[in-house]
Every structure is written in structure tokens, then in C-alpha cells.
Amino acid sequence: FIENYIILSDSKCFTGSSSFVKKIFNKNSKLEYAAKIIDVNKADIEKEIDILKTLKHPNIIEIIDVFYISKNNRVVLVFDWMSGGNVSDILIVN
């Protein structure tokens, strides 16, 4: 993961019960992405990954990459970066 991406911010963009999201930068493509970092002990991640890989729709953010980090038992899901905040904040405002 670290070979391909740089974490752009120390602050978490979003925090859930078993995961958090950080903004990252791809060293090769020079594009920004979102990294959802999941604690594998608290989540059934394989099912989520399988579902995300099959979803193809213009209104759903596509999964770009998956990394397994065994030393701290985490999985990193890489998605396109969407500015404007997380969906729950947008729904509350509107």
C-alpha cells in the first residue's frame, strides 16, 4: 500500500464502528483517492469486498484496489475521492 500511495491527511475523514477513511494520493497516477481502512477483527470484510467488486453503476463509487495489511490485521479499500463530505452529512443537510 505504502509503495503506491501517500496518506495526505492525518485526520480521519470519516469514522465508523470498524473502519475509518483517509484521503490518499497515488504516486503513479497523481490522482487523489479515499482509503477505507478496516479492522478485520470487527468486520466480515470478504463479503463487502465481493459485493463492491460486482457493483457497476454511475451513482456508486467503484472500488479501485484492495490491500491486506497482516501486521496490524487491517484491510485497505481504495475508492475514487469524492469531494463534498460523506453521504450521511449530505443527507442531513438536504
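Refer to the preceding data block for the structure.
About the thresholds
Residues numbered from 1 in each chain as written. Predicted model: local features only at pLDDT ≥ 70, side-chain atom pairs only at ≥ 80, totals over all residues. Heavy atoms only, no water. Salt bridge = Lys/Arg side-chain N within 4 Å of Asp/Glu carboxyl O. Buried < 20%, exposed > 50% of the residue type's maximum accessible area, 1.4 Å probe, protein only. 1 Å grid on protein atoms, 1.4 Å probe; cavity = no way out; pocket = protein on both sides within 12 Å on 5 of 7 lines; lining within 4 Å. Points joined across faces, edges and corners; volume = space filled by probe spheres on them. Nonpolar A, V, L, I, M, F, W, Y, C, P; charged D, E, K, R; others polar. Helix = DSSP H or I, 4+ residues; strand = E, 2+ residues; numbered from the N terminus. Arc of directions from axis to C-beta. Contact = heavy atoms within 4.5 Å.

Next up on the list: the pattern of salt bridges. Overall, the coordinates contain 3 salt bridges when judged by the stated rule. Notably, a salt bridge pairs Lys23 with Glu32, separated by 3.4 Å at the nearest N-O pair. Among the ionic pairs, Glu62 bridges to Lys56, the shortest N-O distance being 3.3 Å. Using a relative accessible area of 39% as the deciding quantity, one classes Glu62 as partly exposed. Overall, Lys56 belongs to the exposed group, its relative accessible area being 58%.

Approximately 170 Å³ is the volume found for the second largest pocket. Taken together, Phe1, Ile2, Ile7, Phe20, Ile37, Ile69, Lys71, Asn72, Arg74 and Val76 form the lining of the second largest pocket. Here the lining of the second largest pocket is composed, by residue class, of 7 nonpolar, 1 polar and 2 charged.

Before going further, it helps to examine helix α1 (residues 45–54). One turn of the α-helix equals 3.6 residues, which is why residues spaced by three or four share an orientation. The complete set of buried residues in α1 reads Ile45, Ile49 and Leu52. For α1, the arc enclosing every buried residue in end-on projection is 70 degrees, short of the 170-degree limit, so these residues lie on one face. Summarising the geometry of α1, the exposed residues directed more than 90 degrees from the buried face are Lys47 and Thr54. Against β4 (32–39), β5 (63–69) and β6 (74–80) lie the buried residues of α1.

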